[in-house]
Amino acid sequence: MKKVLFVFFFFSFHLLSVAQTPEIGLMINREYSYDGYTLLMPLLSTDLFLIDNCGQEVNRWDTDLQPGNSAYISPNGNLVRTARSGDTIPTLIKGPGGGQYVQIYDWFGSLLWEFEYASDSIQAHHDIQVLPNGNILILAWDLHSFDECVSLGKDSTQIDEEVWGEHIIEVDPSTNEIVWEWWLWDHLIQDFDSTKSNFGVVKDHPELMDINFINLPAPDRDWIHANSINYNPQLDLIMMNSRHTGEFYIIDHSTTTEEAAGHTGGRSGRGGDFIYRWGNPQAYGYGTAADQRLFGSHDARWIDKGLPDEGKIMVFDNGWFRPGRPFSEVLIIDPIFDENTLTYEFSNVEGFGPQQIYWSYIDTTENDFFSNYISGAHPLPNKNVLICEGDNGRIFEVNREKEIVWEYISPVQYDQPISVNDTLQPFVTGTANACFRATKYSTSYAGFEPYELNTSGPLEKDYPQPYYCFGYKGQPGEVSVDIFPNPVSNTLTVSF
């Protein structure tokens, strides 16, 4: 009993001593968080960081360029990331999330490979996807003039000088050769100008994109603003998410480049046309504004094979321009799908389903979970979900009962971690510690096996001494508290 009382007073004193520290670093680490290493992708930093569940640095990649925007750790331990060189990008397209390079770094920070994809009329942006064969899918913009848009039935009153389309290329890093490509511009329809070749009934062609569909308060040259791509290796399908249309799209990757430009071919038999879309049925002539389900979403992805709820689809819905109060939401949907024909269920009344949400996470406290831009979420093997509330650098893990079991506030402001005595600076709609996304990998992930993963302390500077990781698995016998370092909790659970 005396031992318990001693520990109680010691830790109470320690908690009170850090009460004035800013809310950065490790906040919550409960018993049921997933034991892994989290890759931080700070939006404004040239460095990327790998941390453990205690918020301690495990590895750092010191690069020369800011992200453009995503990064991944490959099973061989290499870091594959996007990058941009700022105002020197050789392109007329300079939008949020714009990139220029795709790079591969080894574990120790040496640059192994670099591929530039930017010119006067194209620019890589936002996201990439490494395929099982080592090739890399790159998401990119393409520039289309006012006259070209009008020639395809675009309403001229909707055009702000030009329009940016979207395309995806597949690059073989061993040769730098583009081995496959898909262009949205090959899959347009419109019901505005009957003299144009792509004139048709939009509602009869949900597999095509209406060039005149606008989902914003005003026209924007960044018409689609795709911000993520995801690949399903079992089905050989690609998913692309659009912030500006409120939808994500699935296309067939088994096509040749020639078939991807048309409407036949591939395992689906539909060439490069959409085989599924979800989030805003009014985009293809179904429903009304009341049926829109996604508002500025990011990071649409399949739940990988072998994980709980495999095959379902997860997406981070930012809530941008959501009617009523703004809030973000993480959704899982379970569309009905025929794997043999690559066909998703479609209703002649409602369009693509499902109408019901399988699972979702929102914070019921107003404005406690809202990121106007960037952000993402992904499932973990223990059924938890890692969420990156990007615009304020908040990364947290929830279980399926919607309890927060791990929470971390990135201390990386602009290019470097700050001190616990510093103040976070504002940036866009959030703070300058914004993170594009975060990914948690298992401690047994193949990419870590060749290396000795030693910690070098928390990222934030001037952290309190001694530093405790309360509730961390592998430390039985210590007092466990849920929240550290802020706000102070007077609730202690003694577990010997």
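Report on the accompanying structure. All values reported here derive from a predicted model rather than from experimental measurement.

1. Comments concerning empty space enclosed by the protein
Rolled over the atoms, a probe with the dimensions of a water molecule shows which regions are left empty.
Inference 1: Here the structure, examined in full by the defined rule, presents three cavities of 30 Å³ or more.
Inference 2: Looking at the largest cavity, the residues that line it are F213, I214, N215, L216, A218, P219, D220, D222, W223, H244 and T245.
Inference 3: In terms of residue class, the lining of the largest cavity is made up of six nonpolar, three polar and two charged.

2. Considerations on the state of the cysteines
Inference 1: One pass over the structure, following the stated rule, counts one disulfide.
Inference 2: Two residues share a disulfide in this structure: C54 and C469, whose sulfurs sit 2.2 Å from each other. Torsion about the S-S bond of the C54 and C469 cystine: about -95 degrees, corresponding to left-handed handedness. Of the two residues, C54 is situated in the loop between β3 (47–51) and β4 (57–62) and C469 in the loop between β35 (435–442) and β36 (479–480); the sequence distance between them amounts to 415 residues.
Inference 3: Of the residues examined, C54 reaches a relative accessible area of 3% and is grouped as buried.
Inference 4: The exposure class assigned to C469 is buried, which follows from its relative accessible area of 6%.
Inference 5: Note on C388: no disulfide assigned, nearest cysteine sulfur contributed by C435 at a separation of 5.3 Å.
Inference 6: For C388, a relative accessible area of 0% puts it in the buried group.

3. Here's the deal with the layout of surface pockets
Inference 1: In this structure, the second largest pocket encloses a volume near 550 Å³.
Inference 2: Along the wall of the second largest pocket there are 29 residues; nearest its centre are N69, G95, P96, G97 and G98.

4. Quick word on the sheet that holds strand β5 (residues 71–73)
The strands making up a sheet are joined through hydrogen bonds of the backbone, oriented either antiparallel or parallel.
Inference 1: Strand order in the open sheet formed by four strands is β5-β6-β7-β8, with antiparallel pairing between adjacent strands. Each edge of the open sheet carries a strand with a single partner, namely β5 and β8 (111–116). Pairwise comparison of adjacent strand axes, ignoring direction, gives a mean angle of 15 degrees for this sheet.
Inference 2: In terms of strand pairing, β5 meets strand β6 (residues 79–83) through three bridges, oriented antiparallel. Within the sheet, the bridge partner assigned to I73 lies in β6 and is L79.

5. Structural notes on unusual backbone geometry
Inference 1: Residues G68 and N69 are joined by a peptide bond in cis, for which omega reads 20 degrees.
Inference 2: Of note, the amide linkage connecting G353 to P354 takes the cis form, showing an omega dihedral of 10 degrees.
Inference 3: With respect to the helices and strands, P354 occurs in the loop between β25 (351–352) and β26 (359–361).
Inference 4: Even without being glycine, S375 reaches a positive phi, approximately 90 degrees.
Inference 5: Positionally, S375 belongs in the loop between β26 and β27 (376–379).

6. Section: the nonpolar core
Inference 1: Formed by 31 residues in total, the largest nonpolar core has its most connected members in L39, L50, W61, I73, I138 and F448.
Inference 2: Excluding residues that lie within four positions of it along the chain, I73 makes contacts with L39, L50, W61, N78, L79, Y441, Y445 and F448.
Inference 3: One finds I159, V163, I168 and W223 within the second-largest nonpolar core, a separate group that totals 28 residues.

7. Concerning the side chain of S228
Inference 1: Residue position: S228 is located in strand β15 (residues 226–232).
Inference 2: Looking at S228, the relative accessible area reads 1%, which means it is buried.
Inference 3: For S228, the side chain forms a polar contact with the main-chain nitrogen of A300, separated by 3.4 Å.
Inference 4: In this structure, S228 is in contact with D127, L139, M239, M240, N241, H298, D299, A300 and R437, ignoring residues within four places of it in sequence.

8. Let's talk about the pattern of salt bridges
Inference 1: Applying the stated criterion to the full structure yields 16 salt bridges.
Inference 2: With a closest N to O distance of 3.5 Å, R437 and D127 form a salt bridge. Taken together, the positions of R437 in strand β35 and D127 in strand β9 (residues 122–130) put the pair 310 residues apart, joining distant regions of the chain.
Inference 3: On the accessibility criterion, R437 (2% relative accessible area) is buried.
Inference 4: For D127, a relative accessible area of 1% gives the class buried.
Inference 5: Its salt-bridge partner being K440, residue E397 comes within 2.9 Å of it at the nearest N-O pair. Taken as a pair, E397 in strand β29 (residues 394–398) and K440 in strand β35 lie far apart in primary sequence, 43 residues in all. Both residues of the pair, E397 and K440, belong to the buried class.
Inference 6: Within this structure, D127, D299, R301 and R437 form a network of salt bridges that share partners.

Rules used in this analysis
- Residues numbered from 1 in each chain as written.
- Predicted model: local features only at pLDDT ≥ 70, side-chain atom pairs only at ≥ 80, totals over all residues.
- Heavy atoms only, no water.
- 1 Å grid on protein atoms, 1.4 Å probe; cavity = no way out; pocket = protein on both sides within 12 Å on 5 of 7 lines; lining within 4 Å.
- Points joined across faces, edges and corners; volume = space filled by probe spheres on them.
- Nonpolar A, V, L, I, M, F, W, Y, C, P; charged D, E, K, R; others polar.
- Disulfide = S-S within 2.5 Å.
- Helix = DSSP H or I, 4+ residues; strand = E, 2+ residues; numbered from the N terminus.
- Buried < 20%, exposed > 50% of the residue type's maximum accessible area, 1.4 Å probe, protein only.
- Pairing = 2+ DSSP bridges.
- Axes fitted to C-alpha atoms, helices over the stretch in contact; angles between N-to-C directions.
- Core = buried A, V, L, I, M, F, W, Y, C linked by side-chain atoms within 4.5 Å.
- Contact = heavy atoms within 4.5 Å.
- Polar contact = N/O pair within 3.5 Å; in protein donor to acceptor, adjacent residues only side chain to side chain.
- Salt bridge = Lys/Arg side-chain N within 4 Å of Asp/Glu carboxyl O.

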